[in-house]
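Analysis of the macromolecular model
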Amino acid sequence: IGADTVVAHRGAILGKPKSKEDAFDMIKGFQGDKHQVYTGVAIVAPGRHRVFYEKTDVYFAPITPQELEYYLDTANYQDKAGAYAIQMDAAKFITRIDGCYHNVVGLPVGHLYQELKQMEFLLHGMLLQVQILNMRFIEQVQLTHHLLF
């Protein structure tokens, strides 16, 4: 299972910020507006594969310059698409989401479960023969395993 997440805002695709200034511009752009989070997922096994994506709309409240500076001084935004993690400090800025919360975290758990079920990787609620290809997602896959079973 491999997955990666990007953020789209007003027609631009945003990855991870390159600097604090880049993060500032991303979050400032989101405030009082909505953006989209897309996660692409690939499941590959001998003789079969499946590729899908999930989209979630995320709405940010207006943010004061002081709040934004404090966030950037204290939060871990460097390795996050869109410069934020919904499950951490940025949650206080998010007023609403339309779609899958776990997609914004980085792995759309419900959609993944349904795809694995259709591919007959699940037997009596147990995950069979799945190898993690992208080590960056071990934490999310462990969370997924907890949520799925």
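Up top is the structure.
Below: a short report on this structure. Numbers given for residues are sequential positions, taken from 1 along each chain in its written order. Whole-chain, interface and lining totals are the exception, using all residues; otherwise, since this is a predicted model, local features are given only for residues with pLDDT of at least 70 and side-chain atom pairs are given and counted only at 80 or more. With hydrogens and water set aside, each side-chain value is computed from the structure's full complement of heavy atoms.

1. Regarding the nonpolar core
Across soluble globular proteins, you tend to see nonpolar side chains buried next to one another. So the rule is basically this: By convention a nonpolar core is built from buried Ala, Val, Leu, Ile, Met, Phe, Trp, Tyr and Cys residues, the set being connected through side-chain atoms within 4.5 Å. Here the term buried applies to any residue with accessible area under 20% of the maximum for its type, exposed to any over 50%, and partly exposed to those in between, with areas from a 1.4 Å probe on protein chains only. Numbering goes from the N terminus for both helices and strands, where a helix is a DSSP run of H or I of at least four residues and a strand is a run of E of at least two. The criterion used for residue contact is that any of the two residues' heavy atoms lie within 4.5 Å.
Formed by 24 residues in total, the largest nonpolar core has its most connected members in I27, F30, V58, F60, Y71 and Y84. Contributions of two or more residues to this core are made by α1 (20-30), β4 (48-60), α2 (65-74) and α3 (101-105). Considering each element in turn, this core owes the most residues, four residues, to α1. When sequence neighbours within four positions are dropped, the list of residues in contact with F60 reads I27, F30, Q31, G32, D33, H35, Y84, F93, I94 and T95. If you look at the next biggest cluster of nonpolar residues, it comprises eleven residues, including F52, L112, L116 and F121.

2. Notes on the sheet that holds strand β1 (residues 2-9)
We count it as follows: Strands pair, by our definition, only if DSSP identifies at least two bridges between them. Helix axes use the C-alpha atoms of the stretch in contact, all axes being lines fitted to C-alpha atoms, and the angles between their N-to-C directions lie in the range 0 to 180 degrees.
Here five strands make up an open sheet; going across it, the order is β2-β1-β3-β4-β5 and the pairing antiparallel. Looking along the sheet, the strands with just one partner apiece sit at the ends: β2 (12-14) and β5 (94-98). Strand-to-strand twist of the sheet, defined as the mean angle between neighbouring strand axes without regard to direction, takes the value 30°. Those strands touched by α1 are β1, β2, β3 (34-45) and β4, and its axis lies near 65° from that of β1. Contacts from helix α4 (residues 109-118) reach β3 and β4 within the one sheet, and its direction differs from that of β4 by about 165°.

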